[in-house]
Amino acid sequence: MREKLALLRYILAGNPVTLLALAMLVLLLGCAILGPALVPYDPIATNTASALQPPSATHWFGTDQLGRDVFSRVVVAARLDLAIAFAAVLLSMALGSVFGAAMGYFRGWLDTAGSRGTDVLMAFPLFVLAMAMVAALGNSVSSVVYATAVINLPFYIRLARAETSIRRDMGYIEAARVGGSGHARILRVFLLPNILPALVVQASVNLGWAVLNTAGLSFIGLGVRAPTPEWGIMVAEGAQFIVSGRWWIAAFPGAALMLAVFCFNLLGDGLRDIVDPRSRT
Amino acid sequence: MSETLLSVRDLSVEFRTRHGIVPVLRGISFDLAPGEMLGIVGESGSGKSVTAYSVMGLLEASARVTGGQALFGGRDLLRLGQGALNQLRGAEMSIVFQNPRTALNPIRPVGAQIADVIARHDPAPAAIIEARVLEALRQMRIAEPERRASAYPFELSGGMCQRIGIAMALACSPKLLIADEPTTGLDVTTQAAVMDLFRDAVRARGVGSILITHDLALASEYCDRIVVMQTGQVVEDAPVAALFARPRHAYTRKLLRSTPSSVDSIEALAPDEEPVAPSATLPFPAPAPLPTQAPAPGGPPVLEVRGLCKSYVHSRSRAFWRRREVARLQAVADVDLVIHPGEAVGLVGESGCGKSTLSRMISRLIQPDAGEVLLDGAPIHGIAPGRFARLPQRRQIQMVFQDPTESLNPRFSVFDAIADPVTQLLPRQGAAALRARVEQAALQVGLPLELLNRYPHQLSGGQKARVGIARAMAVEPRLLVLDEPTSALDVSVQAVVLKLLTRLRRQQGVAQLFVSHDLNVVRLLCDRILVMHKGRVVESGPAEQVFNRPAHAYTRSLLAAIPRLPQLQEAATP
């Protein structure tokens, strides 16, 4: 444990940006978990008397066309956006890693079929595919989760397959076979734990995409519906007011989106450094 | 020292790592005369490659030269900037790298790569450069240089690539040539051919050269003088004859006695004694021996192999509508083999001869195309490898793998690694019984019990090799298949592992199939030797007979290619 902490300190010292990313992650998760309890206003309560006010001491991010507090809505929206992103990424990682690892391990017809399947999936414009899926599955939050999971699936399948292909002929896999482990146990005990670090790095980067994808879907009116606070909807609603100079309605949720994507991408970089064995010398 | 080509004085280098600053070289000094061939010998981590890279100015970013000088042509190489070094490198001094395949650019024809070096230091019209490239290739005795010059590295064999590497290094007639383990990845017969060419080319041009190697015998055959390094220091610097007649330093003597070709029997190999925990002091009751069909003395062989064959698809011309012309490579052809209980059989051959394929078929990791494998008289070749893993017979054949690092799961502690086959192959037992069995297996191979909680990356190469052996021995197999178990180890560690294997065989009576490319190692360890060549067993017989009176021409060429130490004099031992 102490050695792990020392390693963490060594890596963070060489890459202070990861520390920044971790701080941003704590902020985002804090908003998602504690946000609804902390915000000064009810995020869906309308108050037309104080509509379209610019940022001030009472309304830090201003108010929108219905007089709702933009700050409260931005903070509360973090929970929904991050929950969708995490659920979608976990789902695709769980399915993709098992399927990809099995393809890389068994090769043969399973690999051929699976690889062509992912190729087909990748051939679609992914956002259009997600749109079509949400439209077909019905306009709900769970459809957004499934659609986001499906469009992320090929990345995990390919990565898990590649990482497994590298390891399947290594000595310790042969040793496990000589030691009496069947295929299922080799996959579960020897291969999946060893390819997990690479998958976690991929997941971190994909989280950013998943947040963007969720916001993008709700921006065009799919998935989450108004008046639920959600960054994509808020940007969509605020967009029409930008021309009249009321920039704050769209700008603050947009900034929150950017922060989230930025955070997950930086975190992915940092995790790769931690996982990369070359930094462990 | 009126004439010195390169003079290194008090060279010190340190590396910046996670564990702080680590000194790698501590006051290295040596001289190289023009036309001299100097061998720098040491085990891994002794700093021999760092010495070469410091002189060439090729150290990586985390390394820092902290002191000393390296005078070459009146200039201190350690004080020169990269610009000045670029003028020198390739023209005045060059280097031949360890792995010829990675040292060559894979997407450029080799001739063009040699031409690049000439054009950089000695610009001339293209026709003249081309002629010089062909001349350089011809000097390395490369047949059809015109055709080879336009070949890509992947189209050439490893030995051929290294010849190209040497041709490239010598293309601009440098005064100093450093070769960093130039033949380590090559077969012994290829090594002999490449080293002969290297020596001839260097001699003919009067180039001062440094041969960096872990192989004392190789250095003794080709060098004029040898520098022995240990943990960043020069411990001995003497002409070859004097070094072997009177090795002064204890480390040199240990290195000499660890080299398998220097001794006649396994007992003579250093180290002399090995701490073995006597079973009386075991901190637990020794686990009861597993039930095994006890073979009658002189009874049936533990393993019998008859007419085993395996071929691989070599290339397949693809046609969309039908499959056609599948070219197959016969990896193992019609091999017979018998191993009796408690016997050690050596399987020797060069890379690609099929010895690994054969050992994996015997261990039931891959399925033979034809032939029979009988374990204790029972046929096991009909059982698919995936299903055999779950059968009780799996326990009887265990295997030790080539690379000790690669064969351990990085996420398993030493205890988990040894316990894993026990939990899978033996009947369920309590945690205490499991721990007792694992600890006994660890003590058997001389692994201290406090290492059981460590992870592979916290162990040395020798300790990892012991874990691999303990893992195989923990289930008390009848046959241990050892696939080059020492080829990744330093000679002194190899000596320890070889002695351990001999002790296990004598104490436990486990039969061993020892697969190796090194005839010297096999001679020490095995009763019988089989020599494989191109998938077939070309010679087999008692070890002494194969070694001293080889019948087959291939065995003779193999024996002739092995570098030998000069005869050790008895005065050498203190």
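Counting restarts for each chain: residues are numbered from 1 in the order of the written sequence. Both sets of labels track the order of writing: A upward for chains, 1 upward for ligands. Owing to the predicted nature of the model, reporting of local features is limited to residues with pLDDT of at least 70; listing and counting of side-chain atom pairs is limited to 80 or more, with chain, interface and lining totals taken over all residues.

Asker: Hey, could you run me through the overall build of chain A in this one?
Answerer: To qualify as a helix, a DSSP run of H or I must reach at least 4 residues; to qualify as a strand, a run of E must reach at least 2; elements of each kind are numbered from the N terminus. Secondary structure assignment for chain A yields 10 helices and 0 strands. Order of helices (α) and strands (β) in chain A, N terminus to C terminus: α-α-α-α-α-α-α-α-α-α.

Asker: Explain the overall build of chain B here, please?
Answerer: From N to C terminus, chain B includes 20 helices and 20 strands. Every radius of gyration here is taken over C-alpha atoms, with the globule rule written as 2.2 Å times N^0.38, N being the number of residues. The C-alpha atoms of chain B give 26 Å as radius of gyration, which agrees with the globular expectation for 574 residues (25 Å, within 12%). Projected onto the principal axes, the alpha-carbon positions of chain B cover approximately 75 × 65 × 45 Å. Counting other C-beta atoms within 10 Å of a residue's C-beta gives its exposure: the residue is buried at 20 or more, exposed at 12 or fewer, and partly exposed in between, where C-beta atoms are placed from the backbone. Looking at chain B as a whole, 45% of its 574 residues are labelled buried.

Asker: How should I be thinking about the nonpolar core in this particular structure?
Answerer: Generally speaking, soluble globular proteins have nonpolar side chains that are buried together. Grouped together as the largest cluster of nonpolar side chains are 229 residues, with contacts concentrated most on I114, A167, I418, A470, L513 and F514 of chain B. Ranked by residue count, the leading element in this core is helix α3 (residues 70-106) of chain A, at 17 residues. The domain boundaries here were taken from an automatic or database domain assignment. Of the residues that make up this core, three or more belong to each of domain 1 (6-258) and domain 2 (295-572) of chain B. Here, residues touch in the contact sense if the C-beta positions derived from the backbone fall within 7 Å of one another. Beyond its immediate stretch of four places on either side in the chain, L513 of chain B contacts I339, V345, L347, S359, I362, L479, V481 and L482 of chain B. A set of buried residues qualifies as a nonpolar core if it consists of Ala, Val, Leu, Ile, Met, Phe, Trp, Tyr and Cys joined through C-beta atoms within 7 Å.

Asker: What is the right way to look at the domain arrangement of chain B in this model?
Answerer: In many reports, interface size means the accessible area that the parts give up when they come together. All names here are of chain B. Domain boundaries in chain B define domain 1 (6-258) and domain 2 (295-572). When each unit is reduced to the centre of its C-alpha atoms, the spacing between domain 1 and domain 2 is 35 Å. Taken together, the contact between domain 1 and domain 2 spans 23 residues of the former and 19 residues of the latter. Secondary structure elements with two or more residues in the side of domain 1 that touches domain 2: α8 (188-205), α9 (216-222), α10 (240-245) and α11 (250-258).

Asker: Looking at this model, I keep getting lost on the sheet that holds strand β13 (residues 344-348) of chain B. Mind explaining?
Answerer: All names here are of chain B. Reading across the sheet, the 6 strands line up as β16-β17-β18-β13-β19-β20 and stay open at both edges, with mixed pairing between neighbours. Each of the sheet's edge strands pairs with one partner strand only, and the pair in question is β16 (397-400) and β20 (536-542). Direction aside, the axes of adjacent strands within the sheet are offset by 20° on average. Two strands are counted as paired when DSSP detects at least two bridges linking them. Strand direction decides the pairing type here: β16 and strand β17 (residues 479-483), joined by 4 bridges, are parallel. From the neighbouring strand, Q398 faces β17, where its bridge partner is L480. Fitted lines through C-alpha atoms serve as axes, helices being fitted only where they are in contact, and the angles separating the N-to-C directions of these axes extend from 0 to 180 degrees. Each of β13, β16, β17, β18 (511-516) and β19 (528-533) is contacted by helix α12 (residues 355-362), which is oriented at about 155° to β18, the strand it contacts most.

Asker: Help me understand the interface of chain A and chain B in this model?
Answerer: Taken together, the contacts link 18 residues of chain A with 24 residues of chain B. Ranked by the residues each element gives to the side of chain A that touches chain B, the list is headed by helix α7 (residues 171-178) of chain A, at 7 residues. In this classification, Asp, Glu, Lys and Arg are treated as charged, Ala, Val, Leu, Ile, Met, Phe, Trp, Tyr, Cys and Pro as nonpolar, and every other residue, Gly included, as polar. Looking at the side of chain A that touches chain B residue by residue, the class counts come to 8 nonpolar, 8 polar and 2 charged.

Asker: What is the right way to read the environment of E372 of chain B from this model?
Answerer: Residues and elements named next belong to chain B. As for its placement among the helices and strands, E372 is situated in strand β14 (residues 370-375). We classify E372 as partly exposed; it has 15 C-beta atoms within 10 Å. Through-space distance from the C-alpha of E372 to that of H533 is 21 Å; in sequence the pair is 161 residues apart. The residues contacting E372, other than those within four sequence positions of it, are R306, G307, P379 and H381.

Asker: When you look at the environment of V65 of chain B in this model, what are you seeing that I'm missing?
Answerer: Residues and elements named next belong to chain B. By the secondary structure assignment, V65 is in strand β4 (residues 63-72). What makes V65 partly exposed here is the crowd of 18 C-beta atoms within 10 Å. Between the C-alpha atom of V65 and that of F244, which follows or precedes it by 179 residues, the distance is 33 Å. For V65, the residues in contact, after removing those within four places along its chain, are V13, S54 and L78.

Asker: What is the right way to look at the confidence of the model for chain B in this model?
Answerer: Atomic detail in the predicted coordinates should be set aside for any region of low pLDDT. Residues and elements named next belong to chain B. Confidence scores here are pLDDT values: one per residue, from the predictor, ranging 0 to 100. For chain B, the mean per-residue pLDDT works out to 85, and 91% of the residues sit at or above 70. Note on residues 275-281: pLDDT under 50 across the span, and 5 contacts to partners over four residues away in sequence or across chains. Of the regions scoring below 50 in pLDDT, residues 569-574 engages in 5 contacts with residues more than four places distant in sequence or in other chains. For this predicted complex, the interface score ipTM comes out at 0.79, while the overall pTM is 0.82.

Asker: Sorry, what's going on with helix α4 (residues 110-121) of chain B here?
Answerer: Residue pairs three or four apart in sequence face the same way in an α-helix, which turns once every 3.6 residues. Residue and element names in this part refer to chain B. Here the expected span of a helix is defined as 1.5 Å times the quantity of residues minus one. Counted at 1.5 Å a residue, the expected span for α4 with its 12 residues is 16 Å, and the 18 Å between its end C-alpha atoms agrees. Of the positions making up α4, those classed as buried are V110, G111, Q113, I114, A115, V117 and I118. Residues of α4 that are buried make contact with α5 (126-139), α6 (145-149) and α7 (158-170).

Asker: Please explain the pairing of β4 of chain B as it appears in this structure.
Answerer: A regular strand places its side chains so that they alternate between the two faces of the sheet. All names here are of chain B. Bridge analysis of strand β1 (residues 6-17) against β4 gives 8 bridges, and the strand direction is antiparallel. Pairing of E14 across the sheet is with R64, part of β4. Pairing between β4 and strand β5 (residues 75-76): 2 bridges, direction antiparallel. Considered in β5, the bridge of L71 is made with D76. Linking β4 back to β5 in an antiparallel pair, the connection comprises 2 residues, with G73 at a positive phi of about 60°.

Asker: Is there a simple way to think about the sheet that holds β5 of chain B in this case?
Answerer: Sheet strands associate in pairs through backbone hydrogen bonding, adopting either a parallel or an antiparallel arrangement. Residues and elements named next belong to chain B. Spatial ordering of the open sheet is given by β2-β1-β4-β5, a layout of 4 strands whose pairing is antiparallel. Edge positions in the sheet fall to β2 (20-32) and β5, since each of these pairs with one other strand and no more. Lying over the sheet, helix α1 (residues 48-56) contacts β1, β2 and β4, oriented at roughly 110° with respect to β1.

Asker: Would you mind going over the pairing of strand β6 (residues 93-96) of chain B with me for this structure?
Answerer: Residues and elements named next belong to chain B. Neither face of β6 is left uncovered, since the one carrying M93 and I95 and the one carrying S94 and V96 both have all their residues buried. Sheet topology note: the β6/strand β7 (residues 176-180) ladder contains 4 bridges and is parallel. By the bridge assignment, M93 is partnered in β7 with L176.

Asker: So what exactly am I meant to see when it comes to unusual backbone geometry here?
Answerer: When glycine is set aside, most residues are seen to have a negative phi, and most peptide bonds are trans. Residue and element names in this part refer to chain B. Here the phi dihedral of E484 falls at roughly 45°; this positive angle occurs in a residue that is not glycine. The topology assignment puts E484 in the loop between β17 and α17 (491-508). Residue E484 is classed as buried on the basis of its 20 C-beta neighbours within 10 Å. Backbone geometry at K534 places phi at a positive 50°, although glycine is not the residue there. Following the sequence through the fold, K534 ends up in the loop between β19 and β20.

Asker: Would you mind showing me how to read the packing of helix α16 (residues 461-473) of chain B against α17 of chain B here?
Answerer: Residue and element names in this part refer to chain B. α17 packs onto α16 with a crossing angle of 20° between their chain directions and a minimal axis gap of 10 Å. Classified by the interaxial angle, the pair formed by α16 and α17 is roughly parallel. Crossing angle aside, the handedness with which α16 passes α17 is right-handed. Seen from α16, the contacting residues are G461, G462, A465, I469 and M473; seen from α17, they are V493, V496, V497, L500 and L504. Class assignment for the residues of the contact of α16 with α17 results in 8 nonpolar, 2 polar and no charged. If an angle is under 35 degrees, it is roughly parallel; if it is over 145, roughly antiparallel; if it lies from 65 to 115, roughly perpendicular; otherwise it is oblique. Put simply, a crossing is left-handed when the front helix is turned counterclockwise from the back one by less than a right angle, and right-handed when it is turned clockwise.

Asker: Where do I start with the environment of Q162 of chain B in this structure?
Answerer: Positionally, Q162 of chain B belongs in helix α7. Excluding residues that lie within four positions of it along the chain, Q162 of chain B makes contacts with P100, P182, T183, L186 and V194 of chain B.

Asker: What is the right way to read the packing of α4 of chain B against α5 of chain B from this model?
Answerer: Axes are the key here: two packed helices are described by the angle between their axes and the distance separating the axes. All names here are of chain B. Between α4 and α5, whose axes approach to 9 Å, the crossing angle comes to 120°. Here α4 and α5 pass one another in a crossing that is right-handed. Counted together, G111, I114, A115, I118 and A119 of α4 and I129, E130, R132, V133 and A136 of α5 form the full contact between these two elements. Its residues assigned to classes, the contact of α4 with α5 comprises 7 nonpolar, 1 polar and 2 charged.

Asker: Which parts of the structure should I look at to understand helix α4 (residues 108-123) of chain A?
Answerer: Spanning 16 residues, α4 of chain A covers 23 Å between terminal C-alpha atoms, matching the ideal 22 Å at 1.5 Å per step. For α4 of chain A, a buried count of 1 out of 16 residues is recorded, marking the element as mostly open to its surroundings.

Asker: Teacher, can you tell me more about the confidence of the model for chain A here?
Answerer: For chain A, the mean per-residue pLDDT works out to 86, and 97% of the residues sit at or above 70. Within chain A, helix α1 (residues 2-14) of chain A has the poorest average pLDDT of any element, 73, and helix α6 (residues 141-167) of chain A the best, 92.

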